[in-house]
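# Architecture at a glance
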Amino acid sequence: MLRVSPPPLFGNINIGRRFSSKRIEVEAKFRFQDLNPDLLTKTRFVSRKSFRDTYFDTLSYELTTKDIWLRIREESIECKVPMKKNEAKNSTTMVDQYKELTSMKEVDDLLSNRFGRKSSNESKNPEELMQNFSLKPF
(Lines give C-alpha, C1' and ligand atoms only; values in the text may rest on other atoms or scores of the structure.)
Protein backbone atom coordinates (compact mmCIF):
# COMPACT_ATOMS: atom_id res chain seq x y z
CA MET A 1 0.00 0.00 0.00
CA LEU A 2 1.28 3.45 -0.82
CA ARG A 3 -0.26 6.53 0.75
CA VAL A 4 0.38 10.00 -0.55
CA SER A 5 -1.18 13.13 0.89
CA PRO A 6 0.99 16.12 0.07
CA PRO A 7 0.31 19.51 1.65
CA PRO A 8 0.91 22.58 -0.57
CA LEU A 9 4.70 22.88 0.00
CA PHE A 10 5.89 19.48 1.15
CA GLY A 11 4.60 15.96 0.88
CA ASN A 12 4.89 12.70 2.77
CA ILE A 13 4.97 9.20 1.41
CA ASN A 14 4.13 6.40 3.79
CA ILE A 15 4.84 2.91 2.57
CA GLY A 16 3.38 0.06 4.56
CA ARG A 17 3.93 -3.64 3.92
CA ARG A 18 2.71 -6.60 5.90
CA PHE A 19 5.18 -9.24 7.06
CA SER A 20 3.27 -11.81 9.09
CA SER A 21 1.48 -9.78 11.78
CA LYS A 22 3.88 -6.81 11.79
CA ARG A 23 3.30 -3.64 9.82
CA ILE A 24 6.28 -1.61 8.79
CA GLU A 25 5.74 2.01 7.92
CA VAL A 26 8.34 4.18 6.24
CA GLU A 27 7.91 7.92 5.95
CA ALA A 28 9.87 9.95 3.45
CA LYS A 29 9.71 13.70 3.07
CA PHE A 30 10.33 15.37 -0.26
CA ARG A 31 9.96 18.78 -1.82
CA PHE A 32 6.57 18.84 -3.49
CA GLN A 33 7.84 20.64 -6.60
CA ASP A 34 10.40 17.83 -7.09
CA LEU A 35 7.72 15.12 -7.06
CA ASN A 36 7.60 12.86 -10.09
CA PRO A 37 4.08 13.33 -11.56
CA ASP A 38 4.04 9.67 -12.74
CA LEU A 39 4.20 8.57 -9.09
CA LEU A 40 0.93 10.36 -8.30
CA THR A 41 -0.91 8.60 -11.12
CA LYS A 42 0.00 5.21 -9.63
CA THR A 43 -1.24 5.95 -6.10
CA ARG A 44 -4.61 5.76 -4.42
CA PHE A 45 -5.94 7.19 -1.21
CA VAL A 46 -6.02 4.54 1.53
CA SER A 47 -6.91 6.33 4.74
CA ARG A 48 -6.48 9.48 6.76
CA LYS A 49 -5.48 9.49 10.40
CA SER A 50 -5.34 12.42 12.77
CA PHE A 51 -3.46 12.47 16.04
CA ARG A 52 -3.32 14.90 18.91
CA ASP A 53 0.30 14.96 20.02
CA THR A 54 1.89 16.90 22.86
CA TYR A 55 5.68 16.88 22.91
CA PHE A 56 7.66 17.25 26.15
CA ASP A 57 11.16 18.31 27.10
CA THR A 58 13.10 20.25 29.71
CA LEU A 59 13.20 24.03 29.47
CA SER A 60 16.69 23.72 27.95
CA TYR A 61 15.57 21.04 25.42
CA GLU A 62 17.87 18.31 26.75
CA LEU A 63 15.95 15.58 24.88
CA THR A 64 15.19 17.10 21.48
CA THR A 65 18.76 18.38 21.06
CA LYS A 66 19.80 14.71 21.39
CA ASP A 67 17.18 13.68 18.77
CA ILE A 68 14.92 12.11 21.43
CA TRP A 69 11.23 12.76 20.79
CA LEU A 70 8.96 12.28 23.79
CA ARG A 71 5.24 12.74 23.34
CA ILE A 72 1.80 11.88 24.55
CA ARG A 73 -0.37 10.83 21.63
CA GLU A 74 -3.99 10.85 22.68
CA GLU A 75 -3.50 9.23 26.12
CA SER A 76 -0.49 7.00 25.40
CA ILE A 77 3.18 7.72 25.92
CA GLU A 78 5.60 7.35 23.00
CA CYS A 79 9.30 8.07 22.79
CA LYS A 80 11.49 7.80 19.70
CA VAL A 81 15.19 7.30 20.39
CA PRO A 82 17.85 7.17 17.66
CA MET A 83 19.20 3.68 17.13
CA LYS A 84 22.89 3.03 17.54
CA LYS A 85 24.64 1.88 14.38
CA ASN A 86 24.99 -1.68 15.73
CA GLU A 87 21.20 -1.81 16.47
CA ALA A 88 20.05 -0.52 13.07
CA LYS A 89 18.99 -3.11 10.52
CA ASN A 90 20.96 -1.36 7.79
CA SER A 91 23.66 0.79 9.36
CA THR A 92 24.83 2.12 5.98
CA THR A 93 21.53 3.81 5.17
CA MET A 94 21.13 7.58 5.04
CA VAL A 95 17.73 7.27 6.72
CA ASP A 96 17.38 8.04 10.43
CA GLN A 97 16.30 4.94 12.36
CA TYR A 98 14.58 5.08 15.73
CA LYS A 99 13.68 2.68 18.49
CA GLU A 100 10.13 3.38 19.65
CA LEU A 101 9.38 3.07 23.35
CA THR A 102 5.69 2.72 24.17
CA SER A 103 5.51 1.55 27.77
CA MET A 104 5.67 3.68 30.89
CA LYS A 105 8.49 1.50 32.27
CA GLU A 106 10.64 1.84 29.13
CA VAL A 107 10.23 5.62 29.09
CA ASP A 108 10.78 5.90 32.86
CA ASP A 109 14.00 3.84 32.53
CA LEU A 110 15.21 6.01 29.63
CA LEU A 111 14.53 9.26 31.52
CA SER A 112 16.11 7.86 34.69
CA ASN A 113 19.29 7.00 32.77
CA ARG A 114 19.30 10.26 30.83
CA PHE A 115 18.88 12.46 33.91
CA GLY A 116 20.83 10.24 36.32
CA ARG A 117 17.98 9.82 38.77
CA LYS A 118 14.85 7.76 39.27
CA SER A 119 11.47 9.47 39.10
CA SER A 120 10.35 10.64 42.53
CA ASN A 121 7.53 8.11 42.67
CA GLU A 122 6.01 5.45 40.45
CA SER A 123 3.96 7.21 37.80
CA LYS A 124 0.44 6.02 37.14
CA ASN A 125 -0.03 7.90 33.85
CA PRO A 126 2.08 9.76 31.25
CA GLU A 127 1.27 13.22 32.63
CA GLU A 128 2.49 12.19 36.08
CA LEU A 129 5.72 10.83 34.58
CA MET A 130 6.35 14.15 32.80
CA GLN A 131 5.76 16.00 36.04
CA ASN A 132 8.13 13.70 37.97
CA PHE A 133 10.97 14.64 35.61
CA SER A 134 9.95 18.33 35.35
CA LEU A 135 9.22 17.99 31.64
CA LYS A 136 7.06 20.66 30.02
CA PRO A 137 5.04 20.66 26.81
CA PHE A 138 6.45 22.65 23.92
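Rules used throughout
Residues numbered from 1 in each chain as written. Predicted model: local features only at pLDDT ≥ 70, side-chain atom pairs only at ≥ 80, totals over all residues. Heavy atoms only, no water. Helix = DSSP H or I, 4+ residues; strand = E, 2+ residues; numbered from the N terminus. Buried < 20%, exposed > 50% of the residue type's maximum accessible area, 1.4 Å probe, protein only. Core = buried A, V, L, I, M, F, W, Y, C linked by side-chain atoms within 4.5 Å. Contact = heavy atoms within 4.5 Å. Pairing = 2+ DSSP bridges. Axes fitted to C-alpha atoms, helices over the stretch in contact; angles between N-to-C directions.

## Details of unusual backbone geometry
- We note that D67 has phi near 65 degrees; this positive angle belongs to a residue other than glycine.
- Along the chain, the position of D67 falls in the loop between β4 (53–57) and β5 (69–73).
- A relative accessible area of 26% means that D67 is categorised as partly exposed.
- Non-glycine residue S134 carries a positive phi angle of around 55 degrees.
- Take S134: it is sitting in the loop between α3 (126–132) and β8 (136–137).
- With a relative accessible area of 46%, S134 lands in the partly exposed category.

## Observations concerning the nonpolar core
- Core analysis: the largest hydrophobic core is formed by 17 residues, its most contacted members being L63, L70, C79, V107, L111, M130 and L135.
- Of all the secondary-structure elements, those providing two or more residues to this core are β5, β6 (76–82), α2 (104–115) and α3.
- Of the residues forming this core, the biggest block, 4 residues, is contributed by α2.
- Excluding its chain neighbours within four sequence positions, the residues that come into contact with V107 are L70, I77, C79, L101 and L129.

## Quick notes on the sheet that holds β6
- With antiparallel pairing, the 5 strands of this open sheet are ordered in space as β7-β6-β5-β4-β8. Each of the sheet's edge strands pairs with one partner strand only, and the pair in question is β7 (98–101) and β8.
- Two strands pair when backbone bridges link them, and β6 and β7 are joined in this way by 4 bridges, in the antiparallel orientation. Bridging across to β7, P82 finds its partner in Y98.
- Contacts between α2 and the sheet are confined to β5, β6 and β7, with β6 contributing the most and set at about 50 degrees to the helix.

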